[in-house]
Amino acid sequence: MKIQAAEVFVLDMPIIRPHQLAMHTITEQAIVVACVRDTDGAEGWAEVATIGGASYGESTPEAIKVNIDRYISPLIIGKEPIAFGKIMDDVARQVRGNHFAKAVIESAIVDLAARQRGIPAYELFGGKIHDSLPVAWTLASGDTGKDIEEAHEMLEKRRHNIFKLKIGKGDAQKNVEHVLAIKQAVGDSARLTVDVNQAWDEDTANRCIPALEEGGVSMIEQPLPAWDHEGMARLTSRYRVPILADEAATSVQEVFKIAKHRAGNSIALKVCKAGGLTDTKKAAAIAEAAGLGLYGGTMIESSLGTAVCAQIYATIPALQFGTELFGPLLFKDTLTTNDIKYENFEIVIPDGPGFGMEVDRDKVKKYARSGN
Ligand code: MUC
Ligand code: MG
């Protein structure tokens, strides 16, 4: 059955507490949801999330919707969903960049193709290797006491024993003290990583990393601006602690450059950054071939987008740093009638059909911006 229609919605979803990054504090999360429908009325759904409008990355929710409606949808109508490889190759020839828009459309088409066959989407990517994957939680309330309380609560519930701290905002030295206080509070019961979100220069990095390394932090994410490959390469060779490229790893080609210049010794995968599921697999293959560690990243998607990421990450042999697919746990509400399961510090990979999530259209309507 061929694709007959595509709809795109921009939604603002409430979250349980403010989530502070270097460039923006999230108080409600903007997501983009796409639905493709075939001539029989079957639907495929997918989601990408964005952070802080244009402050985190170039793809804004508004631009994603407009570019799909105007430039991408006309290229997919009338096509067979199972030919998603050819469809996205055709799209790539006519639409430059726009990775988030391509990611949500490819994922929705894959959901539909898998549902038409009654199989999980991961079966279209070689099948799943993992039934569940480790999942980190980001402590980003902006308050040391609250973060420590949150960490203890997560450990008690056996929900998370890996914590990522957002330390790109404010005084670097105070942030290091904040990390060390949390590390001291959780001891060996948890692994701690930090995400600087590009906020340091090399000097600041050289002042802060030794103390973090000494204090037992197990990974430093994007300490320098995305463009600073040379600085990232120097940090990577200078320190034992793994240096992870996130904002720098925005495409298959950028992952290759990072690997070539050793501008980081590990990579955060994100389906939205790569421009889709197919290219996420390519990025992972390049990293694997170059001996880079892999992390299953998030842009803080709700249950639908988290299922998309979880299913593709489950097909990748080794994710040395686990995942951070905690998004649904930060949202106050859900768009799906079923939930993602978390148990024993891991996210359980949802099973099909499609990405295994059932969308509630009334919820989509409830949170969609007017004019959608
Ligand atoms: C990022 O930079 O990794 C992922 C988790 C989180 O707290 O923020 C995001 C974005
Ligand atoms: Mg990051």
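Residues numbered from 1 in each chain as written. Chains lettered and ligands numbered in written order. Predicted model: local features only at pLDDT ≥ 70, side-chain atom pairs only at ≥ 80, totals over all residues. Heavy atoms only, no water.

## As for the overall build of the protein
And step 1. In terms of regular secondary structure, the protein is built from 13 helices and 13 strands.
And step 2. Taken against the 2.2 N^0.38 rule, which gives 21 Å for 372 residues, the C-alpha radius of gyration of the protein at 20 Å falls within 12% of a compact globule.
And step 3. For the protein, the spread of C-alpha atoms along the principal axes amounts to about 60 × 40 × 40 Å.
And step 4. Looking at the 372 residues of the protein, the share that counts as buried comes to 59%.
And step 5. Long-range contacts, defined here as pairs at least 24 residues apart, represent 74% of the contacts in the protein between residues at least 6 apart.
And step 6. For the protein, the separation between the mean place of its 41 positive charges and that of its 50 negative charges on side chains is 3 Å. (Helix = DSSP H or I, 4+ residues; strand = E, 2+ residues; numbered from the N terminus. Rg over C-alpha atoms; globule rule 2.2 N^0.38 Å. Buried < 20%, exposed > 50% of the residue type's maximum accessible area, 1.4 Å probe, protein only. Contact = heavy atoms within 4.5 Å. Lys, Arg positive; Asp, Glu negative; His and termini not counted. Charge placed at Lys NZ, Arg CZ, Asp CG, Glu CD.)

## Focus on the coordination of the magnesium ion (ligand 2)
And step 1. Listed as protein donors to the magnesium ion (ligand 2) are Asp195 (OD), Glu221 (OE) and Asp246 (OD); their distances from the metal cover 2.0 to 2.3 Å.
And step 2. Between consecutive donors of the magnesium ion (ligand 2), the numbers of intervening residues give the motif D-x25-E-x24-D. With aspartate 195 in strand β7 (residues 191-195) and aspartate 246 in the loop between β9 (243-245) and α8 (252-261), this residue pair connects regions lying 51 residues apart in the sequence.
And step 3. Residue classification places aspartate 246 among the buried residues on the basis of a relative accessible area of 0%. (Donors = N, O, S within 2.8 Å, 3.2 Å for Na, K, Ca; no water.)

## Overview of the packing of aromatic side chains
And step 1. Here the structure, examined in full by the defined rule, presents three aromatic pairs.
And step 2. Judged by centre distance (5.5 Å) and plane angle (40°), the rings of phenylalanine 84 and phenylalanine 125 are tilted. Of the two residues, phenylalanine 84 sits in helix α2 (residues 84-94) while phenylalanine 125 sits in the loop between α3 (99-117) and β4 (132-134), which places them 41 residues apart along the sequence. In terms of burial, phenylalanine 84 and phenylalanine 125 fall into one category: buried.
And step 3. Geometry around tryptophan 137 places arginine 159 over its ring, the cationic atom sitting 5.7 Å from the centre. (Phe/Tyr/Trp six-rings, centres within 6.5 Å; stacked < 30°, edge-to-face > 60°. Lys NZ or Arg CZ within 6 Å of the ring centre and 35° of its normal.)

## With respect to the domain arrangement of the protein
And step 1. Annotation of the protein at the domain level lists domain 1 (3-119 + 359-367) and domain 2 (125-348).
And step 2. The centre of domain 1, based on its C-alpha atoms, is set 23 Å off from the matching centre of domain 2.
And step 3. Each partner contributes residues to the interface: domain 1 has 39 residues there, and domain 2 has 45 residues.
And step 4. Of the roughly 3,400 Å² buried between domain 1 and domain 2 on both sides combined, carbon and sulfur atoms contribute 64%.
And step 5. Broken down residue by residue, the surface that domain 1 buries against domain 2 is led by Arg17, Gln20 and Tyr56, which jointly contribute 19%.
And step 6. At the junction of domain 1 and domain 2, the tally comes to two salt bridges.
And step 7. Our count for the domain 1 to domain 2 interface comes out at 19 residue pairs in polar contact (both at pLDDT 80 or more).
And step 8. If you list the elements that add at least two residues to the side of domain 1 that touches domain 2, you get β1 (3-20), β2 (25-38), β3 (43-49), α3 and α13 (361-367).
And step 9. Top element by residues in the side of domain 1 that touches domain 2 is β1. It accounts for nine residues. (Domains from an automatic or database assignment. Buried area = accessible area lost by both parts, 1.4 Å probe. Salt bridge = Lys/Arg side-chain N within 4 Å of Asp/Glu carboxyl O. Polar contact = N/O pair within 3.5 Å; in protein donor to acceptor, adjacent residues only side chain to side chain.)

## Quick notes on the site of ligand 1
And step 1. Surrounding ligand 1, one finds 15 residues, the nearest of these being His19, Tyr56, Thr138, Lys164 and Asn197.
And step 2. Compared with its free state, where it exposes 280 Å², ligand 1 has 100% of that area covered by protein.
And step 3. In terms of residue class, the shell around ligand 1 is made up of four nonpolar, four polar and seven charged.
And step 4. When residues are assigned to domains, the shell around ligand 1 turns out to be shared by domain 1 (3-119 + 359-367) and domain 2 (125-348), each giving three or more. (Near = heavy atom within 4 Å. Areas by Shrake-Rupley, 256 points an atom, 1.4 Å probe, with all protein chains shown as cover. Nonpolar A, V, L, I, M, F, W, Y, C, P; charged D, E, K, R; others polar.)

## Examining the sheet that holds β1
In sheet architecture, strand pairing relies on hydrogen bonds along the backbone and comes in two forms, parallel and antiparallel.
And step 1. Here we have three strands laid out as an open sheet, ordered β1-β2-β3, and antiparallel in their pairing. With partners counted over all chains shown, the strands left at the sheet margins are β1 and β3, one partner each. The average angle at which neighbouring strand axes cross in this sheet is 20°, direction not considered.
And step 2. Relative to β3, β2 runs antiparallel, the two being bridged by seven bridges. For alanine 34, the partnering residue across the bridge sits in β3 and is alanine 46.
And step 3. Sitting on the sheet, helix α1 (residues 61-76) touches β1, β2 and β3, and the angle it makes with β1 is about 160°. (Pairing = 2+ DSSP bridges. Axes fitted to C-alpha atoms, helices over the stretch in contact; angles between N-to-C directions.)

## Here's the deal with the sheet that holds strand β12 (residues 342-343)
And step 1. Taken together, the three strands give an open sheet; going across it, the order is β4-β13-β12, and neighbouring strands pair in antiparallel fashion. If you trace the sheet from one side to the other, it starts and ends with β4 and β12, each paired once.

## Topic: the environment of isoleucine 300
And step 1. Looking at the secondary structure, you find isoleucine 300 in the loop between β11 (293-296) and α11 (303-313).
And step 2. Residue isoleucine 300 is classed as buried on the basis of its relative accessible area, which comes to 5%.
And step 3. Distance from isoleucine 300 to alanine 181, taken between C-alpha atoms, is 26 Å for residues 119 residues apart in sequence.

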